[in-house]
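Chain residues, written in single-letter form:
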Amino acid sequence: MRAAAAVVCLVACKSDRQSDPMPEPPAPVVRDAAVPVDAAGVWPELADYPVIVRPERTITLPARPDVPRFEVGGPVLAGDLAIVASSQFGFIAVDWRRGAIAWTKPSGTHVAPPVVRAQDAVLVGECVNAPAIGDRERLLGCVRVVTFAGADQANLAIRGNAKATAAFAAEAGTQDVWLEGEQAIRWRRGDQAVVVDLLTGVAKPAPASPPPLVVTYKDHRWEIVQDEGRVVAREHGKIAWQTEHPYTALLGTVWLPEQSPMLRIANLGAWRDAPEIHLLDIDATGSLHAQAAKPSPGIQLLGWGVSPIGDAAIAIRLDTSLRRDFIAGYAANAPLVWIYPLPEVMRPDPVGVAVAPDGVVVFHDGDTLTILPELSAAPTSPGAPGRPSKIPTP
């Protein structure tokens, strides 16, 4: 097994409630499988990788092919539910363990990624019926708050000062939605963002940078971000440590028994001119402790998901054909557990990935949920986690 060489240098250094008619959810198409397959006959670049798996379940969602697929988002997990968004169907919550649709919510032809709170989901999209707003206001969309059982809690117009929100309204970039405290969300589109009050629907301009990854350990609390690719940890507002070199993506944290927390990082690299994706874990406390997993071939990250203890599944583009993409699953203690090649089709959309303790949920091609096996390492493997050493701060 060839590990990627990695040198990590650290410097010390109240609302109107509305209800839409609830149509009978259409039945999805569910196909079960769930056995590993031999790598022979799969793409040659993956031939020497440990296990090529088949899905435990494939769920085809009812989409409208006559509607352009402008945007897709999710999945986000709320227990047994996986919530996804698409311009072709609005929002759908699926019981991913059984393959049944729990509820659907309409939207216009534009949607943003859903986000979940402790007891409900927040859905942002184009308004189905545009409400009247003030003369000096701009309508940016509508936000719906839905319980996990599918009951509407709120359905509000997102509106803001016309001048202040002009740049956001004109932006057409990739979207993200994050929680902002207990009663607000931050909605980013391209290089612009707004904070939306979930009690009033009022939107105000906000920073477009993602919220920091917060790690608490013993008496320390670090807020960790990427700044021009470099990983920077701040404590009490001051830089506690930072990496010398930039990395492609900060995926999340790893919590193993009797060890300090680690940061899971993915980085694009090459070996003998062959492009690779390297998975690295570096100590979140700022020490020089680091480890590297077996790299996988690929030229681009299409999406990823990380479990509360650090199991990670990454959607990887293999080459420039835009047809050969796969999911690589890594256990929290870093071994590459399995590989799953996605259907070989032209794939312009991002791939959404979410990791649960007992499975991996992948949303791809605008209408398909694929359920893959869990990522827990064998109990006898070095550093295999049982329970997380400490639940990370959200």
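Residues numbered from 1 in each chain as written. Predicted model: local features only at pLDDT ≥ 70, side-chain atom pairs only at ≥ 80, totals over all residues. Heavy atoms only, no water.

Time to look at the sheet that holds strand β10 (residues 120-125). Strand order in this open sheet of four strands is β9-β10-β11-β12, and the pairing throughout is antiparallel. A strand with exactly one partner marks an edge of an open sheet, and here the two such strands are β9 (115-116) and β12 (152-161). Strand direction decides the pairing type here: β9 and β10, joined by two bridges, are antiparallel. Each residue of the ladder has a partner; that of V116, found in β10, is A121. (Pairing = 2+ DSSP bridges. Helix = DSSP H or I, 4+ residues; strand = E, 2+ residues; numbered from the N terminus.)

The subject of this paragraph is the environment of R347. Tracing the backbone through its elements, the reader meets R347 in the loop between β29 (336-341) and β30 (352-356). C-alpha of R347 to C-alpha of D365: the two residues are 18 residues apart in sequence and 6.6 Å apart in space. Among residues more than four places away in sequence, those in contact with R347 are R317, L322, R323, D325, L342, H364 and D365. Of the polar contacts made by the side chain of R347, one reaches the side chain of D325; its length is 2.9 Å. (Contact = heavy atoms within 4.5 Å. Polar contact = N/O pair within 3.5 Å; in protein donor to acceptor, adjacent residues only side chain to side chain.)

Turning our attention to the packing of aromatic side chains. This structure, assessed with the given rule, holds two aromatic pairs. Seen in terms of ring centroids, F89 and F363 are 6.4 Å apart; in terms of plane orientation they differ by 55 degrees. Their pairing is tilted. Separated by 274 residues along the polypeptide, F89 in the loop between β6 (81-86) and β7 (90-95) and F363 in strand β31 (residues 359-364) bring together distant segments of the chain. Each member of the pair, F89 as well as F363, is classed as buried. Judged by centre distance (4.9 Å) and plane angle (75 degrees), the ring pair of F168 and W187 falls under edge-to-face. You can see F168 sitting in helix α1 (residues 166-170) and its partner W187 sitting in strand β14 (residues 184-189), a full 19 residues away along the chain. Judged by its relative accessible area of 3%, W187 is buried. Lying over the aromatic face of F168, R189 brings its terminal NZ or CZ to 4.3 Å of the ring centre. The ring centre of Y49 lies 4.3 Å from the NZ or CZ of K294, which sits over that ring. (Phe/Tyr/Trp six-rings, centres within 6.5 Å; stacked < 30°, edge-to-face > 60°. Buried < 20%, exposed > 50% of the residue type's maximum accessible area, 1.4 Å probe, protein only. Lys NZ or Arg CZ within 6 Å of the ring centre and 35° of its normal.)

In this structure, the amide linkage connecting G74 to the following residue, P75, adopts the cis form with an omega of 10 degrees. In this structure, P75 sits in strand β5 (residues 72-78).

Our focus in this paragraph is the side chain of S87. Position of S87 relative to the elements: it lies in the loop between β6 and β7. There is a polar contact of 3.3 Å between the side chain of S87 and the backbone nitrogen of F70. There is a polar contact of 2.9 Å between the side chain of S87 and the backbone nitrogen of E71. With sequence-adjacent residues up to four places away left out, S87 is seen in contact with V67, P68, R69, F70, E71, G108, T109, H110 and V111.

Ordered by their spatial adjacency, four strands build an open sheet running β5-β6-β7-β8, and the pairing between neighbours is antiparallel. The open sheet has two free edges, formed respectively by β5 and β8 (100-105), since each of these has just one partner strand. Here the average twist between neighbouring strands, direction ignored, is 20 degrees. One ladder, built from five bridges, connects β7 with β8; its direction is antiparallel. Residue pairing in the sheet places I92 in a bridge with T104 of β8. (Axes fitted to C-alpha atoms, helices over the stretch in contact; angles between N-to-C directions.)

Glancing now at the pattern of salt bridges. Using the criterion set out here, one finds 18 salt bridges in the structure. With a shortest N-O distance of 2.9 Å, R317 and D325 are connected by a salt bridge. D325 carries the same exposure label as R317, and that label is buried. Three or more residues are tied together by salt bridges with common partners; here these are R317, D325, R347 and D365. (Salt bridge = Lys/Arg side-chain N within 4 Å of Asp/Glu carboxyl O.)

Among the six residues of β31, six are classified as buried, and the element is accordingly described as predominantly covered. Side chains of β31 alternate between two faces, with G359, V361 and F363 and V360, V362 and H364 buried alike. Where β30 hands over to β31, the hairpin turn is made up of two residues, counted between the paired strands. Taking the residues between adjacent antiparallel strands as the criterion, β31 and strand β32 (residues 368-372) are bridged by three residues, where D365 takes a positive phi near 60 degrees.

Grouped together as the largest cluster of nonpolar side chains are 20 residues, with contacts concentrated most on L301, I314, I316, F326, A328, Y330 and I339. Residue assignment for this core shows that the elements contributing at least two residues are β21 (249-254), β23 (274-283), β27 (312-317), β28 (325-330) and β29. With three residues, the top contributor of residues to this core is β28. Other than its neighbours up to four places away in sequence, I339 contacts L46, Y49, V51, I52, V53, F326, I327 and A328. (Core = buried A, V, L, I, M, F, W, Y, C linked by side-chain atoms within 4.5 Å.)

In the predicted model, the chain carries a mean pLDDT of 87, and the fraction of residues at 70 or more is 85%. Between residues 32-39, whose pLDDT stays under 50, and residues either more than four places distant or in other chains, the model counts 18 contacts. Under a pLDDT of 50 for its full length, residues 386-394 has, in the predicted model, 18 contacts with residues more than four places off or in other chains. (pLDDT = per-residue confidence, 0-100.)

The next point concerns the environment of A240. Looking at the element boundaries, A240 is found in strand β20 (residues 238-242). Residue A240 is classed as partly exposed on the basis of its relative accessible area, which comes to 22%. In this structure, the C-alpha to C-alpha distance between A240 and E223, residues 17 residues apart in sequence, is 9.6 Å.

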